[in-house]
Amino acid sequence: MKHHSKITPPKLGQDARLDQSVLSRIAALKAMSVKELKTEWERLLGSAAPNNSRAFLEARIAYRLQELTYGGPDHETRRMLDLLADEVEGVSRRKNQIADPRNPVAGTRLIREWNGVEHTITVLKDGFEWQGRKYKSLSGIAREITGVRWNGYRFFGLQVRPREV
């Protein structure tokens, strides 16, 4: 049986000297030239800096310094960010879909009256159906119904479910 030891990085506030060291390194970025920032980028990230934007380089290097010191996002957070990136890019590289806690169970019918017309939406496993057409989001349906942008969950009266304690 394999045993894995997990190295837990220090947390912010546990070691004042470490925190001060990180803050000092981040503050020192302000005094660097763009050329020096690009060199620091290469040292910390292992690749050429993507652009010459001082604000971008400072922010990303500062994040990397904190990430190296305190650790980066956990596996579940990285997975969620990857899924969100796929959703924004309109590409499905990963197998799982993001499950929004506001979505009712597949098969549920949502009914909304708008300007005297009743609209019935069916919740699907991977989207929504309205008038025989499939939609990825309730916002798209709300826009079709009203002609303006709406938060679909708000339009259909869905609230975020409270977290279980």
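Model, not experiment: these values are computed from the prediction.

Per the secondary structure count, the protein chain includes six helices and four strands. Along the protein chain, helices (α) and strands (β) appear in the sequence α-α-α-α-β-β-β-β-α-α when read from the amino end. Long-range contacts, defined as pairs at least 24 residues apart, comprise 30% of the intrachain contacts of the protein chain with a sequence gap of at least 6. Roughly 12600 Å² of accessible area belongs to the protein chain as shown, and the carbon and sulfur atoms make up 52% of that amount.

A few words now on helix 2 (residues 34–45). For helix 2, built from twelve residues, the straight-helix expectation of 16 Å at 1.5 Å per residue is met to within 8% by its first-to-last C-alpha distance of 16 Å. Of the positions making up helix 2, those classed as buried are L37, E40, W41 and L44. One face of helix 2 carries all of its buried residues, which in axial projection span an arc of 110°. What points out from helix 2, more than 90 degrees from its buried face, is the exposed set K35, T39 and R43. On its buried face, helix 2 sits against helix 1 (16–28) and helix 3 (54–70). At the exit of helix 2 stands G46, carrying a positive phi of roughly 75°.

If you walk through the whole model with that rule in mind, you get six aromatic pairs. By the ring-pair criterion, three or more aromatic residues cluster together here, those being W114, W150, F155 and F156. Across from the ring centre of F155, 4.1 Å away, lies the NZ or CZ of R112, which sits over that ring.

Residues M80, L81 and L84 make up a contiguous nonpolar surface patch of about 240 Å² in total accessible area. Following the sequence through the fold, L81 ends up in helix 4 (residues 75–89).

Within a regular beta strand, the side chains point alternately toward one face of the sheet and then the other, so they alternate between its two faces. Note that strand 1 (residues 109–114) and strand 2 (residues 117–124) share six bridges and pair antiparallel. Paired with I111 across the strands is T120, a residue of strand 2. Two successive antiparallel strands, strand 1 and strand 2, enclose a turn made up of two residues, where N115 displays a positive phi of approximately 50°. Inspection of the sheet shows strand 2 paired to strand 3 (residues 127–130) by four bridges, in the antiparallel sense. Along strand 3, the bridge assignment pairs T122 with E129.

Low-pLDDT stretches of the model should not have their predicted coordinates read in fine detail. This prediction gives the protein chain a mean pLDDT of 84; 85% of its residues lie at or above 70. Per-element averaging of pLDDT across the protein chain places helix 4 at the bottom with 79 and helix 2 at the top with 94.

Its identity as a non-glycine residue notwithstanding, N115 has a phi of 50°, on the positive side. If you trace the backbone, N115 turns up in the loop between strand 1 and strand 2. A positive phi is found at Q131, a non-glycine position, where the angle reads about 50°. Along the chain, Q131 falls in the loop between strand 3 and strand 4 (133–135).

One finds L110, I121, L138, I141 and F156 to be the most contacted residues of the largest nonpolar core, which totals 14 residues. Elements with a contribution of two residues or more to this core: strand 2, strand 3, helix 5 (138–146) and helix 6 (152–155). Element by element, the count of residues in this core is highest for helix 5, at four residues. With residues up to four places along the chain from it excluded, the contact list for I121 reads T108, R109, L110, F128, E129, W130, L138, I141 and F156. Core analysis: the next-biggest nonpolar cluster, separate from the first, contains ten residues, L44, L57, I61 and A62 among them.

Reading the values: rules and limits
- In this convention, every chain numbers its residues from 1, walking through the sequence in written order.
- Only residues with pLDDT of 70 or above have their local features reported here, since the model is predicted, and side-chain atom pairs are shown and tallied only from 80 upward, although totals for entire chains, interfaces and linings are computed over all residues.
- Excluding hydrogens and water, the side-chain values take into account all heavy atoms of the structure.
- Note on conventions: DSSP H or I runs of at least 4 residues are helices, E runs of at least 2 residues are strands, and numbering of each starts at the N terminus.
- Here, residues are in contact when the closest pair of their heavy atoms is within 4.5 Å.
- Per-residue accessibility takes into account occlusion by the displayed protein chains alone, with areas from the Shrake-Rupley method and a 1.4 Å probe.
- Take the number of residues in a helix, subtract one, and multiply by 1.5 Å to get its expected span.
- Each residue is placed in one exposure class: buried if its accessible area under a 1.4 Å probe, protein chains only, is under 20% of its type's maximum, exposed if it is over 50%, and partly exposed if it falls in between.
- What the arc measures is the spread of directions leading from the helix axis to the C-beta atoms.
- Stacked, tilted and edge-to-face pairs are distinguished by plane angle, under 30 degrees for stacked and over 60 for edge-to-face with tilted covering the rest, among Phe, Tyr and Trp rings (Trp via its six-membered ring) whose centres lie within 6.5 Å.
- Charge-over-ring contacts are defined here by two conditions on Lys NZ or Arg CZ: a distance within 6 Å of the ring centre and an angle within 35 degrees of the ring normal.
- By definition, no residue in a patch forms a salt bridge, and every one has over 30% relative accessible area; like charges are joined within 9 Å, nonpolar side chains (Val, Leu, Ile, Met, Phe, Trp, Tyr) within 5 Å.
- Salt bridges are identified by distance alone: a Lys or Arg side-chain nitrogen within 4 Å of an Asp or Glu carboxyl oxygen.
- Following DSSP output, two strands are said to pair if at least two bridges run between them.
- Looking at any residue, its pLDDT shows the predictor's confidence there, from 0 to 100.
- Buried residues of nine kinds, namely Ala, Val, Leu, Ile, Met, Phe, Trp, Tyr and Cys, make up a nonpolar core once their side-chain atoms join them within 4.5 Å.

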